[in-house]
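Inside the fold
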Amino acid sequence: MEAESRKLLLLVPILLCCFVGISGAQSYIGVNYGEVADNLPSPDATVRLLKSTSISKVRLYGVDAGVIRALAGTGISLVVGVANGEIPAIAADPAAAAGWLAGNVLPFIPASTISVVAVGNEVLESGDAALAAALLPAMQNLRAAAVAAGDGAAAIRFSTVNTMAVLAQSDPPSTGAFHAEVAAQLQQILGFLSRTGAPFMINPYPYFAYQSDPRPDTLAFCLFQPNAGRVDAGSRIRYTNMFDAQVDAVKSALGRSGYGGVDIVVAETGWPTKGDPTEAGATVDNARAYVSNLVAHLRSGVGTPLMPGKPVDTYLFALYDEDLKPGPASERSFGLYHTDLSMAYDAGLTTTTSGGGAATPSNGAGATVQPKGGSGWCVASAGATDAQLQTDMDYACSQVGVDCGAIQPGGACFQPNTVRAHAAYAMNQLYQAAGGHPWNCDFRQSATLTSSNPSYGSCVFTGGQ
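Quick caveat, the model's predicted, so the values are computed rather than measured.

Glancing now at the side chain of Ser-257. In this structure, Ser-257 sits in the loop between α9 (242–256) and β11 (264–269). Under the relative-accessibility criterion, Ser-257 is labelled buried at 17%. Side-chain polar atoms of Ser-257 contact the backbone oxygen of Ala-253, separated by 3.0 Å.

Spatially, β1-β2-β3-β4-β5-β8-β11-β14 is the arrangement adopted by the eight strands of the closed barrel, whose pairing is parallel. The sheet shows a mean angle of 25° between the axes of neighbouring strands, taken without regard to direction. In this structure, strand β1 (residues 26–33) lies alongside strand β2 (residues 55–60), joined through five bridges in parallel fashion. Its bridge partner being in β2, Tyr-33 is matched across the sheet by Leu-60. Against the sheet, α9 makes contact with β8 (200–203), β11 and β14 (314–316), and its axis sits at roughly 140° relative to β11, the strand it touches most.

Next up on the list: the packing of aromatic side chains. By the definition in use, this model includes 14 aromatic pairs. Consider the rings of Tyr-207 and Phe-334, whose centres lie 6.1 Å apart with planes at 85°: the pair is edge-to-face. Here the residue Tyr-207 occupies a position in helix α7 (residues 206–212), and Phe-334 occupies one in the loop between β14 and β15 (351–352), the gap between them amounting to 127 residues. In this structure, Tyr-207 and Phe-334 share a single accessibility class: buried. Both rings, one in Phe-224 and one in Phe-243, keep their centres 6.5 Å apart while their planes meet at 40°; by these two values the pair is tilted. In this pair, Phe-224 sits in the loop between α8 (216–222) and β9 (230–231) while Phe-243 sits in helix α9, placing the two residues 19 residues apart along the sequence. Taken together, Tyr-205, Tyr-207, Phe-208, Tyr-210, Phe-224, Phe-243, Trp-271, Tyr-290, Phe-317 and Phe-334 form an aromatic cluster joined through their ring pairs.

As a further point, take the packing of helix α5 (residues 129–149) against helix α6 (residues 180–196). With their axes 10 Å apart at the nearest point, α5 and α6 run at an angle of 15° to one another. Of the possible angle classes, the one that applies to α5 and α6 is roughly parallel. At the point where α5 passes α6, the crossing takes the left-handed sense. On α6, the residues that touch Ala-132, Ala-133, Leu-135, Leu-136, Met-139, Gln-140 and Arg-143 of α5 are Gln-185, Gln-188, Ile-189, Phe-192, Leu-193 and Thr-196. By residue class, the composition of the contact of α5 with α6 is eight nonpolar, four polar and one charged.

Of all hydrophobic cores here, the largest spans 103 residues; its most connected members are Val-119 and Phe-200. A total of 10 residues in this core trace back to one element, the largest contributor, which is α5. Beyond its immediate stretch of four places on either side in the chain, Val-119 contacts Val-82, Ile-87, Leu-135, Ala-138, Met-139, Leu-142, Phe-158, Ser-159 and Thr-160.

Of all six residues that make up β2, six are buried, and the element is covered over most of its length. At this point the chain moves from β1, through helix α1 (residues 43–51), to the parallel β2, and the crossover so formed is right-handed. The pairing of β2 with strand β3 (residues 77–82) spans three bridges and is parallel. Note on β3: the bridge partner recorded for Arg-59 is Val-79. Crossover connection from β2 via helix α2 (residues 65–70) to parallel β3: handedness right-handed.

About the criteria used
Residues numbered from 1 in each chain as written. Predicted model: local features only at pLDDT ≥ 70, side-chain atom pairs only at ≥ 80, totals over all residues. Heavy atoms only, no water. Helix = DSSP H or I, 4+ residues; strand = E, 2+ residues; numbered from the N terminus. Buried < 20%, exposed > 50% of the residue type's maximum accessible area, 1.4 Å probe, protein only. Polar contact = N/O pair within 3.5 Å; in protein donor to acceptor, adjacent residues only side chain to side chain. Pairing = 2+ DSSP bridges. Axes fitted to C-alpha atoms, helices over the stretch in contact; angles between N-to-C directions. Contact = heavy atoms within 4.5 Å. Phe/Tyr/Trp six-rings, centres within 6.5 Å; stacked < 30°, edge-to-face > 60°. Parallel < 35°, antiparallel > 145°, perpendicular 65-115°, else oblique. Left-handed = near helix turned anticlockwise from the far one by under 90°. Nonpolar A, V, L, I, M, F, W, Y, C, P; charged D, E, K, R; others polar. Core = buried A, V, L, I, M, F, W, Y, C linked by side-chain atoms within 4.5 Å. Right-handed = clockwise from strand over helix to strand, strands pointing away.

Next up, the structure:
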């Protein structure tokens, strides 16, 4: 996982589909399964956990035979990894590549679905010139061995995982460009990815961007919360979240390199639940806000401004906390789940199914959450200013699934014609559409939940279950 930062991003379109009629697994949501820990659940327990969620992909940092076998027949696909230390030998000798494939991939397919082999992790940013030079030959030798093996192996893609540090420029997104130091090697690697249909894998972390710029408006931008947005002076696109901006910066860099058609896969992204005193923003509430809002954003299908209409395949970091990882406390605290299988927080990933039909969200304790709006109503808080409420109203009304027609002239809720009244209606609409979780009624603390129905006359506020 990287520990560097970049800035930027887009809308938080939130659809009712995020909470209603979710099919069990969703092809664009994956998770990283790090194993730098001494207290991990058994592979079978982990697979049972994964099957209770909408996670459809798992990334391993190496090859864990127990986990791979446990995932056989589940429909959950795998990314397995070649360790950095294995790269030189594989690059130097095609027989070594064939041997690696024979020992680490062929025994498991087709029972288990291995979609990608990630050759090394953050190699180009390692500072090891010899290792970086061996990266492409290793990828080529492994690809040749897979094609020679035929059958399921021939369909496996070979890529490598990069941090945002490969970009020399990412702010604004339209200026995205790769560092000159890695550009020559990347050109060759991108050519290989393009020819073989493999993705460019990148680790965008809005959390680290916030670390470098810990202002309240930056936090809202990073957490997909209401904010004024940031306009890209080059494209004139207004970004309202950091994730989209970082991903689009990568898209721009790929286009600038002549490989705009190469797919992007987010290999890691997440937010820690705790950190050292110097690590701003590492809290459970922020982790829940980032991951749950990211999941909702992916489910909306809106994509990013430069890649509209299609969610980016995204591997969340990480499945479990890893108690043996070195470094600051945050490094050990990215888990969606604790190793006792309890939730670190509810990211909206848990599902329950019956009779093979569509899944409905669960509260993580086995109780099904009914697919309807939230409890009570979300309204403007007493201390919120008109300026804050105007920003929040504009934001809420711009989201997919939110209808603000009632507060337009002639609408049932147009009167009283005040910012406060209109904002209350708009914020409640977004709160209900997003599923009615308490964190959906935050709006940078300019909104509050109430059990008193704010409806009046013919103006009806949805909610109250």
